[in-house]
Amino acid sequence: MIDNTALLQALLSQDQIKMANAQFLSIAPAPMPVDWDFDRVEGMLLGLAVGDALGYPTEAVLPNVRFQRHGEIRDYLPSPHAGYRQVGVCSDDTQMTFWTLQNLLADGGLLPEHVAEEFTRHTIFGIGSTVRDFIWAYKNEGKTWVQAGQPSAGNGTVMRIAPVLIPHLRKPTAALWADAALAGMITHNDPAANACCVAFIHLLWECLRRKDIPEPMWWLDTFTEAARSLEGRTEYASRIPGNSYRGPLWKFVDQEVRQAITENPSSLEACERWHSGAYLLETMPCVLYILARYGHDPEEAVVRAVNDTKDNDTVAAIVGAAVGALHGKAGLPPRWIEGLLGRTGTDDDGRVFELIDQARRVFWEDG
Ligand SMILES: [Mg+2]
């Protein structure tokens, strides 16, 4: 079992990873219950892939325009990448998630240099500007995996971080947090992005363990309890016109989502208020509010993310991972799983399902 704790500590002491060295990083996560089933991890990974596939055809379209064109999207749209069949195809969210899982399987844990190399080897669909800049820095400027991560608070790491927890299911230690931070920094080396990766892994871990449906405020409290100490002293500005907020991401998210949960606007109204683009100050409030409002109903949570946000494939991938972890594969609509091609590229149908089966064998049954 690879333990990246010392590597993280070395990078923190040299200020090579942008994140605060908080006590949270030394506390081991609680173990899974004795009767726990890997179906939860299947749900997490399939929820992510399904959310991405439902959102991808209308990525970056504003919700009201999308509604005029398609009505409410509850199923896959005809895909030009699959002969216009109504099936689920992948974009960057699914691709980078499952390439990470593939490397975890090959290496028996996280070797960040291998994951970095993997990200630069393929065509990425719907690629974000930060990942493009990372690939340029890695391939053309000769930067190492430690140096090539960009100073960006985009959502491109939270969307792909989920699989790093899988090698830790059997014997959870604080090395889980090191893997979340190191896997994140490969592309986005930024305090808010890194803190969000660790905090989202904490949230996913607690979803996997839970046997009941949490209260709305639990989603926000669980995210914030990890993010607040890890982000450090930062100054992010809101990009919402007329909003003068400056400060840490966790605090903005905490204020905004806490108020929204109290006032209870529709998710469309709330996500429009925060914009719902790829900037983490937009993505994270939308994710946490949708989870607070619809965490009990995985289908509706993903449908709201797909329809009510702008960067909808990524918001739906993140929301899908969380509700999938809480409800398991059995909690996701079967039609979404049946219609998912399971690709990580243009024609490798079924690859996603294959990798999930391998992960079950390697990290759970034989782990
Ligand atoms: Mg995408």
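Residues numbered from 1 in each chain as written. Predicted model: local features only at pLDDT ≥ 70, side-chain atom pairs only at ≥ 80, totals over all residues. Heavy atoms only, no water.

Description of the UniProt feature "binding site: Mg(2+)" (unreviewed entry) in the protein
What counts is decided by this rule: UniProt positions are given in the numbering used here, feature names are shortened, and annotations may be inferred rather than shown by experiment. With a 1 Å grid spanning the protein atoms alone, the term cavity applies to any set of points in which a 1.4 Å probe fits but cannot get out, the term pocket to an open set with protein on both sides within 12 Å along at least five of seven lines, and the term lining residue to any residue with an atom within 4 Å of a point. Runs of E in the DSSP output that reach at least two residues are strands. Runs of H or I that reach at least four are helices, and both are numbered from the N terminus. Summary of the burial criterion: residues with accessible area below 20% of their type's maximum are buried, those above 50% are exposed, and those between are partly exposed, where the area comes from a 1.4 Å probe applied to protein chains only. Contacts are assigned to residue pairs with any non-hydrogen atoms lying within 4.5 Å of each other. N or O atoms closer than or at 3.5 Å make up a polar contact, with two conditions inside protein: a donor-capable atom paired with an acceptor-capable one, and, for residues adjacent in sequence, both atoms drawn from side chains.
Taken from the UniProt record, the annotation "binding site: Mg(2+)" (unreviewed entry) applies to Ser91, Asp92, Asp93, Asp311, Asp313 and Thr314. These annotated residues cover 224 residues of sequence, and their C-alpha atoms lie no more than 12.3 Å from one another, placing them together at a single site. As for the annotated residues, the ones lining the largest pocket are Asp92, Asp93, Asp311, Asp313 and Thr314. Along the chain, Ser91 falls in the loop between helix H3 (63-70) and helix H4 (92-107). Of the residues examined, Ser91 reaches a relative accessible area of 0% and is grouped as buried. With sequence-adjacent residues up to four places away left out, Ser91 is seen in contact with Asp52, Tyr56, Phe125 and Asp313. In this structure the side chain of Ser91 is engaged in a polar contact, spanning 3.1 Å, whose partner is the side chain of Asp92. Its location among the elements puts Asp311 in the loop between helix H13 (298-308) and helix H14 (312-327). Those residues in contact with Asp311 that lie beyond four places of it in its chain are Glu59, Asn155, Ser276, Gly277 and Ala278. Looking at Asp311, its side chain comes within polar contact range of the side chain of Asn155, at 2.8 Å.

So, the coordination of the magnesium ion
Short version of the rule: Water is not among the atoms examined, so metal sites may look incomplete; donors are the N, O and S atoms within 2.8 Å of the metal, or within 3.2 Å for Na, K and Ca.
Ligation of the magnesium ion by protein atoms is provided by Ser91 (OG), Asp92 (OD), Asp93 (OD) and Asp313 (OD), these donors lying 2.0 to 2.4 Å from the ion. On the primary sequence, the residues serving as donors to the magnesium ion are separated as S-D-D-x219-D. Each member of the pair Ser91 and Asp92 is classed as buried.

Some thoughts on empty space enclosed by the protein
Let me state the cut-off plainly: Grid points are joined across faces, edges and corners, and a volume is the space filled by probe spheres set on the points. Amino acids outside the nonpolar list (Ala, Val, Leu, Ile, Met, Phe, Trp, Tyr, Cys, Pro) and the charged list (Asp, Glu, Lys, Arg) are all regarded as polar, and Gly is one of them.
By the definition in use, this model includes one cavity of 30 Å³ or more. If you add up the space inside the largest cavity, you get close to 40 Å³. In this structure, the largest cavity is lined by Ala49, Ala53, Gly88, Val89, Cys90, Thr94, Leu340, Gly342, Arg343 and Val352. Partitioned by chemical class, the residues of the lining of the largest cavity number six nonpolar, three polar and one charged.

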